[in-house]
Amino acid sequence: MSGIRVLWFFPTPGDEHYLGSPVLRRQTDFGYLKTLATALDSLGYYGALLPTGVGCPEGWVLASGLSALTQRLRFLVAIRPAIMQPALAARMAATFDRMTGGRLLINIVTGSGAQDRMAAEGIFVEDNRRYQVTDEFLTVWRSLLEEGKADFAGDFFRIEGGSNPFPTVQKPYPPLWFGGSSDEGIRVGARHSDVYLTWGEPPAQVKEKLDRVREKAAEFGRTVRFGIRLHVIVRETCDEAWEAADRLISRLDDQTIARAQDWLSRDNSEGQRRMQALHGGKRGPHLEVSPNLWAGLGLVRPGVGTALVGDPATVAERMREYADLGIDSFILSGYPHLEEAYRFAELVFPLLPLVQER
């Protein structure tokens, strides 16, 4: 197994001790995020993801503030193509990359196909055309940063005589990270992304998806790297880790789970459907969907709902299984995020062949 990159997650909407419960809920103000950022920087994490969405503070703004407080940490900033012009996004990316000496990564998020959620962000696009918006956005964005100019006329974006006089530190541009599980999502990811992201499904399902991406990328004459988004619950013993997993969802009741599943089922994205299929919306031993891969978080949490659970050696071994499939980047998180970031770095980093790119 070659070296891997381990990134963490900034819980900008809030942090928790108990999933879906107000008990010991932690507000993630700038002070908390600053503490987390400097910890991740000193612990040796490769980077950290700043999410996007109606319930998230603006990632670009936070990344700008936090970058000045760190020295090596990379910022994986999530952006929504449907709510931003590609020319502005290219200029912001170039500025940030130059300002930080090449510490920018871009996470392209096409977003939910649920009409009410898109409307809440001012997006009025048919569900089956969401990825066309992303495709056009990235065509313009890449041209501006790679060639310094762009002329393009599509259904959603048009630019004439576009230029970007600010070359980025990273060539040809800050790496594009992208995830999409539908056929169209895989097509767009294969065409544009540098790192294709999957959520934490069992290894056999991940392999099937990665094979599809490789095949489609080859049709475009490209190769892509792969990353995975997972939660982690690591303790000194496996018993302690599983006890922590049970405790994390111990304050959920059946009504809360049912309401969450009803809300999540309105999301038309293939990735969310695959997450929900893992757990079926109910508690029980079936939540361990693969050895040490637990789907309990997906009972109420949107997006990735799985966690690697175990002692350090076990978690490292499960990560190596994903790495053997071709995954070289792991975006991890745990509750609460500050404490779990320390635990993971102290317990698991010594067991992994970390990439030392600084």
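Higher on the page you've got the structure.
Just so it is clear, the structure is predicted and the values come from calculations on it, not from any experiment.

Conventions adopted
- Residues numbered from 1 in each chain as written.
- Predicted model: local features only at pLDDT ≥ 70, side-chain atom pairs only at ≥ 80, totals over all residues.
- Heavy atoms only, no water.
- Patch = residues over 30% accessible without salt bridge, like charges linked within 9 Å, V, L, I, M, F, W, Y side chains within 5 Å.
- Areas by Shrake-Rupley, 256 points an atom, 1.4 Å probe, with all protein chains shown as cover.
- Salt bridge = Lys/Arg side-chain N within 4 Å of Asp/Glu carboxyl O.
- Lys, Arg positive; Asp, Glu negative; His and termini not counted.
- Charge placed at Lys NZ, Arg CZ, Asp CG, Glu CD.
- Helix = DSSP H or I, 4+ residues; strand = E, 2+ residues; numbered from the N terminus.
- Buried < 20%, exposed > 50% of the residue type's maximum accessible area, 1.4 Å probe, protein only.
- Contact = heavy atoms within 4.5 Å.
- Pairing = 2+ DSSP bridges.
- Core = buried A, V, L, I, M, F, W, Y, C linked by side-chain atoms within 4.5 Å.
- Polar contact = N/O pair within 3.5 Å; in protein donor to acceptor, adjacent residues only side chain to side chain.
- Phe/Tyr/Trp six-rings, centres within 6.5 Å; stacked < 30°, edge-to-face > 60°.
- Lys NZ or Arg CZ within 6 Å of the ring centre and 35° of its normal.

Visitor: I keep staring at a negative patch on the surface and nothing clicks. Help me out?
Guide: A surface patch of like charges, here negative, comprises Glu236, Asp239, Glu240, Glu243 and Asp246. Structurally, Glu243 can be placed in helix α8 (residues 238-248).

Visitor: Can you walk me through helix α10 (residues 270-279) in this structure?
Guide: Residue pairs spaced three or four apart in an α-helix point in one direction, given the helix's 3.6 residues per turn. By the criterion of burial, α10 is predominantly enclosed, with seven of the ten residues buried. What α10 keeps buried is the set Gly271, Gln272, Arg274, Met275, Gln276, Leu278 and His279. Buried residues along α10 sit in contact with β8 (195-199), α7 (203-219), α9 (254-264) and β10 (288-290). Looking one or two residues past α10, Gly280 carries a phi angle of roughly 70 degrees, positive in sign.

Visitor: Please explain the environment of Leu347 as it appears in this structure.
Guide: Here Leu347 shows up in helix α12 (residues 337-347). Judged by its relative accessible area of 24%, Leu347 is partly exposed. In this view, Leu347 contacts Val234, Arg235, Glu236 and Pro312; residues no more than four positions away in its chain are not counted.

Visitor: Explanation requested: the pattern of salt bridges in the structure shown.
Guide: Side-chain pairing between opposite charges can occur once the charged atoms of the two side chains come close. For the coordinates displayed, the defined rule picks out 23 salt bridges. Salt-bridge contacts for Glu339 lead to Arg26; the nearest nitrogen and oxygen are separated by 3.0 Å. With Glu339 in helix α12 and Arg26 in the loop between β1 (5-9) and α1 (30-43), this residue pair connects regions lying 313 residues apart in the sequence. Residue class for Glu339 comes out partly exposed when judged on its relative accessible area of 28%. Residue Glu160 pairs with Arg158 through a salt bridge whose shortest N-O separation is 2.5 Å. Connected through shared salt-bridge partners, Asp183, Glu201, Glu208, Lys209, Arg212 and Arg274 make up one network.

Visitor: Could you clarify how one ought to interpret the side chain of Ser21 in this entry?
Guide: Mapped onto the fold, Ser21 is located in the loop between β1 and α1. Exposure remark for Ser21: the relative accessible area of 4% places this residue in the buried category. Excluding residues within four positions of it along the chain, Ser21 makes contact with Glu16 and Arg251.

Visitor: Is there a simple way to think about the pairing of strand β6 (residues 158-163) in this case?
Guide: Look at any regular strand and the pattern is simple: side chains alternate between the two faces of the sheet. Direction of pairing for strand β5 (residues 149-153) relative to β6: antiparallel, over a ladder of four bridges. In the sheet register, Phe152 faces β6, and the bridge partner there is Ile159. In sequence, β5 turns back onto β6 through a hairpin of four residues.

Visitor: What should I look at first to understand the nonpolar core in this one?
Guide: Among soluble globular proteins, nonpolar side chains are generally buried collectively. With 76 residues, the main nonpolar core has Phe10, Tyr45, Trp141, Met319 and Phe344 as its most contacted residues. With eight residues, helix α5 (residues 130-146) is the single largest residue contributor to this core. Discounting chain neighbours no more than four positions away, the residues touching Phe10 are Leu33, Leu36, Ala37, Leu40, Ala48, Leu49, Leu50, Pro51, Leu66, Leu73 and Phe75. Listed in part, the 21 residues of the second largest apolar core include Ile233, Ala241, Met275 and Tyr335.

Visitor: Is there a simple way to explain the side chain of Asp311 in this structure?
Guide: Topologically, Asp311 is positioned in the loop between β12 (307-310) and α11 (312-324). At a separation of 2.7 Å, a polar atom in the side chain of Asp311 contacts the side chain of Thr314. Setting aside residues up to four positions removed in sequence, Asp311 forms contacts with Val234, Arg235, Glu236, Thr237 and Cys238.

Visitor: What exactly am I supposed to notice about the packing of aromatic side chains here?
Guide: Aromatic ring pairs are described here by two measures, namely the spacing of the ring centres and the angle between the planes. With the rule as written, the count across this model stands at ten aromatic pairs. Seen in terms of ring centroids, Phe10 and Phe75 are 6.3 Å apart; in terms of plane orientation they differ by 0 degrees. Their pairing is stacked. Here Phe10, found in the loop between β1 and α1, pairs with Phe75, found in strand β3 (residues 74-79); they are 65 residues apart in sequence, far enough to count as distant. Both rings, one in Phe75 and one in Phe96, keep their centres 6.3 Å apart while their planes meet at 75 degrees; by these two values the pair is edge-to-face. With Phe75 in strand β3 and Phe96 in helix α3 (residues 86-99), this residue pair connects regions lying 21 residues apart in the sequence. On the basis of relative accessibility, which here comes to 0%, the residue Phe75 falls in the buried class. By relative accessible area, which is 3% here, Phe96 ends up buried. Through a chain of ring-to-ring contacts, the aromatic side chains of Trp8, Tyr45, Phe344 and Phe349 assemble into a single cluster. A cation over a ring is seen here: Arg301 above Phe9, with NZ or CZ 5.9 Å from the ring centre.

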